[in-house]
Amino acid sequence: MLRYTLMRLGVFAGCLVVVWGLVYSGVVPRGLGDSNIMWVLLLSLVISAPISFVVLRKERDRASVHVVERVDRMKANLEANKSQEDATIDEATRTQGQTQTS
């Protein structure tokens, strides 16, 4: 997951550098007044999203499989803890019932 995140940030950083160069060379219009930084960031984000979607497809699928495995493992652990807790409660109830009838 960390690898995918870093690759995604790399694609964004590359787009940011390219857009920054295009804006300051005059190919792409500058933002209004002091909004130039926001314009460059927004344009970089809009450009990097579809590039990441296409280029990082395999890495995103790997990260997705990893996340699903972790969720399944956590669900199994939670279910095991729940059944262990239920067994403890049943045993305590049984012991308490035997103590009261004696």
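Basis of the calculations
- Residues numbered from 1 in each chain as written.
- Predicted model: local features only at pLDDT ≥ 70, side-chain atom pairs only at ≥ 80, totals over all residues.
- Heavy atoms only, no water.
- Patch = residues over 30% accessible without salt bridge, like charges linked within 9 Å, V, L, I, M, F, W, Y side chains within 5 Å.
- Areas by Shrake-Rupley, 256 points an atom, 1.4 Å probe, with all protein chains shown as cover.
- Salt bridge = Lys/Arg side-chain N within 4 Å of Asp/Glu carboxyl O.
- Helix = DSSP H or I, 4+ residues; strand = E, 2+ residues; numbered from the N terminus.
- Buried < 20%, exposed > 50% of the residue type's maximum accessible area, 1.4 Å probe, protein only.

An unreviewed UniProt entry lists the chain under the name DUF4229 domain-containing protein, from Streptomyces asoensis.

Draft legend 1. Representation of a nonpolar patch on the surface. Among the surface-exposed residues, Trp20, Tyr24, Ile37, Met38 and Leu41 lie close enough to one another that they form a single nonpolar patch of about 510 Å² accessible area. Elements that contribute at least two residues to the nonpolar patch include exactly helix H1 (2–25) and helix H2 (36–55). The leading source of residues in the nonpolar patch is H2, at three residues. Mapped onto the secondary structure, Leu41 falls in helix H2.

Draft legend 2. Representation of the pattern of salt bridges within the structure. The tally for this structure, following the rule as stated, stands at two salt bridges. With a closest N to O distance of 3.7 Å, Arg3 and Glu59 form a salt bridge. One end of the pair, Arg3, is in helix H1; the other, Glu59, is in helix H3 (residues 57–101), with 56 residues separating them in the sequence. Take Glu59: its relative accessible area is 10%, and that puts it in the buried class. Between Arg62 and Glu59 there is a salt bridge; the shortest N-O distance is 2.7 Å. Of this pair, Arg62 and Glu59 are both found in helix H3, three residues apart, which corresponds to roughly one turn of the helix. A network of salt bridges, in which partner residues are shared, links Arg3, Glu59 and Arg62.

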